[in-house]
Amino acid sequence: MKPTPSPLPDFSLRDVEEAMLVTAARAKDEAAVRELIRRLNPRLFRVARGILDTNADAEDAVQDAYLAAFTRLDQFRGESRFSTWLIRITINAARMRARATRLEEEHDTVVERDAADSAVVIFPGNGFEGSEAALGRSQISTMLEAAVAGLPAELRLVFLLHEVEGLGLLAIARTLSLNPITVRTRLYRARKRLRAELQARLMGGFQAIFPFDGARCAHMADRVIADLRRKEFFRK
């Protein structure tokens, strides 16, 4: 009989390796679950936003992915990183939500879309910075988000995975179940559609787009924890 893993101490969670956090999450350690959510929120949100047209839908898809992952931890065999496994779940959740949205729109006689929701949203940054620096950062983020959000979904997702998450072509191909040549073509087309001067000016600044941190990050953790409690996930 395997011994039950001990919960991790709260004070060192930010320095704990992902695999140890997953082990603690299997033992129903709430602090470990929260730390995994905190670490993965930005990446998973960008992945979902690469598929879906609105920030609200992307957040819902990420929440769906977390619930699916944490309630099925017994299916995670550790053959890849937990984050990689969760990215695949997020992609599936986002695609299911995208299909549902398209079906709803096809059956609606009147479709009123909130332009403000599907447009670029500027989120507050962390900490204080001078007005000029804040304005410059805001303008850069707005231009980047507008350019990337204007890409077709299949190009946008590949672009975000490569430029923001730093995944290689083969890793993207495996994650999306695509031919590496297809991934390379989509990445080329995505770059071509972005303005050349924007790339030259802002190369390396793509990490600032589609942010998901601060209060929004904490709120996601609270929502997932509340749902897991309703499902009695933490009941030992």
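Since we're looking at a predicted model, the values are computed, not measured.

1. Points about the environment of F45
Here comes step 1: As for its position among the elements, F45 is in helix 2 (residues 30-51).
Here comes step 2: F45 has contacts with N55, A58, E59, V62, F210, P211, F212 and R216, leaving out every residue within four places of it along the chain.

2. Here we look at the nonpolar core
Here comes step 1: Within the largest apolar cluster, 63 residues are counted, with the highest numbers of intra-cluster contacts made by V33, Y66, F70, F82 and L86.
Here comes step 2: Listing elements by their share of this core, those giving two or more residues are helix 1 (18-26), helix 2, helix 3 (55-70), helix 4 (82-107), helix 7 (153-164), helix 8 (169-176), helix 9 (180-193) and helix 11 (214-230).
Here comes step 3: Tallying contributions element by element places helix 2 first for this core, with eleven residues.
Here comes step 4: Dropping the residues within four chain positions of it, V33 is found in contact with A25, F70, I225, L228, F233 and F234.

3. Focus: the side chain of R156
Here comes step 1: Structurally, the position occupied by R156 is in helix 7.
Here comes step 2: Overall, the relative accessible area of 3% leaves R156 in the buried class.
Here comes step 3: The contact partners of R156, leaving out residues within four places of it in the chain, are R49, G50, I51, L52, D53, V148, A149 and L151.

4. Here we look at the pattern of salt bridges
Here comes step 1: By the definition in use, this model includes 15 salt bridges.
Here comes step 2: Here R229 and E30 are joined by a salt bridge, their closest N and O atoms 2.6 Å apart. Here the residue R229 occupies a position in helix 11, and E30 occupies one in helix 2, the gap between them amounting to 199 residues.
Here comes step 3: A relative accessible area of 24% places E30 in the partly exposed class.
Here comes step 4: As a salt-bridge pair, R97 and D64 come within 2.6 Å of each other at their nearest N and O atoms. Taken together, the positions of R97 in helix 4 and D64 in helix 3 put the pair 33 residues apart, joining distant regions of the chain.
Here comes step 5: Looking at D64, the relative accessible area reads 33%, which means it is partly exposed.
Here comes step 6: Shared partners join several salt bridges into a network, and the residues in it are E59, D60, D64, R97 and R223.

5. Let's talk about the packing of aromatic side chains
Here comes step 1: All chains considered together, the criterion is met by seven aromatic pairs.
Here comes step 2: Taken together, a centroid distance of 6.0 Å and an interplanar angle of 40° make the contact between F70 and F82 tilted. Linking F70 in helix 3 with F82 in helix 4, this pair joins segments that are twelve residues apart in sequence.
Here comes step 3: Measuring from ring centre to ring centre gives 5.8 Å for F82 and W85, while their planes differ by 45°; the resulting arrangement is tilted. Of this pair, F82 and W85 both sit in helix 4, three residues apart, roughly one helical turn.
Here comes step 4: Judged by its relative accessible area of 15%, W85 falls in the buried class.
Here comes step 5: Ring pairs connect the aromatic residues Y66, F70, F76, F82, W85, F233 and F234, which therefore count as one cluster.
Here comes step 6: Against the face of F233 rests K28, its NZ or CZ located 4.2 Å from the ring centre.

6. Quick word on the packing of helix 7 against helix 9
Each packed pair of helices is defined by two parameters, the angle between the axes and the distance between the axes.
Here comes step 1: Direction vectors running N to C along helix 7 and helix 9 enclose 95°, while the axes themselves pass 8 Å from each other. Compared by their axis directions, helix 7 and helix 9 come out roughly perpendicular. On the side of helix 7, the interface is formed by E154, L155, V158, F159, H162 and E163, while helix 9 contributes V183, R186, L187, R189, A190, R191 and R193.
Here comes step 2: A breakdown of the residues in the contact of helix 7 with helix 9 according to their chemical character gives six nonpolar, one polar and six charged.

7. Re the environment of F212
Here comes step 1: Along the chain, F212 falls in the loop between helix 10 (196-202) and helix 11.
Here comes step 2: Separated by 168 residues in sequence, F212 and L44 place their C-alpha atoms 9.2 Å apart.
Here comes step 3: Beyond its immediate sequence surroundings of up to four residues, F212 is in contact with N41, P42, F45, E59, C217 and M220.

Procedures and definitions
All residue numbers refer to position in the chain's written sequence, counted from 1. Confidence filtering applies because this is a predicted model: local features only for residues at pLDDT of at least 70, side-chain atom pairs given and counted only at 80 or more, and all residues used for totals across whole chains, interfaces and linings. For the side-chain quantities, the full set of heavy atoms in the structure was used; hydrogens and water were omitted. Under the DSSP-based scheme used, a helix requires at least four consecutive residues in state H or I and a strand at least two consecutive residues in state E, with every element numbered from the N terminus. Residues count as neighbours in contact if any of their non-hydrogen atoms are within 4.5 Å of one another. Think of a nonpolar core as a cluster: buried Ala, Val, Leu, Ile, Met, Phe, Trp, Tyr and Cys residues, connected wherever their side-chain atoms sit within 4.5 Å. Each residue's exposure class comes from its accessible area (1.4 Å probe, protein chains only) as a fraction of the maximum for that residue type: buried when under 20%, exposed when over 50%, partly exposed otherwise. When a carboxyl oxygen of Asp or Glu is within 4 Å of a side-chain nitrogen of Lys or Arg, the pair counts as a salt bridge. Pairing of aromatic rings covers Phe, Tyr and the six-membered ring of Trp, with a centre-to-centre limit of 6.5 Å; geometry is then stacked below 30 degrees between planes, edge-to-face above 60, and tilted otherwise. Two conditions define a charge located above a ring, namely a distance within 6 Å from the ring centre to NZ of Lys or CZ of Arg, and an angle within 35 degrees of the ring normal. Each axis is a line fitted through C-alpha atoms, taken for helices only over the stretch in contact, and angles between the N-to-C directions span 0 to 180 degrees. An angle counts as roughly parallel when it lies under 35 degrees, as roughly antiparallel when it exceeds 145, as roughly perpendicular when it falls between 65 and 115, and as oblique in every other case. All amino acids are sorted into three groups, where Ala, Val, Leu, Ile, Met, Phe, Trp, Tyr, Cys and Pro are nonpolar, Asp, Glu, Lys and Arg are charged, and the leftover types, Gly among them, are polar.

Honestly, it's all geometry; don't read function into it.
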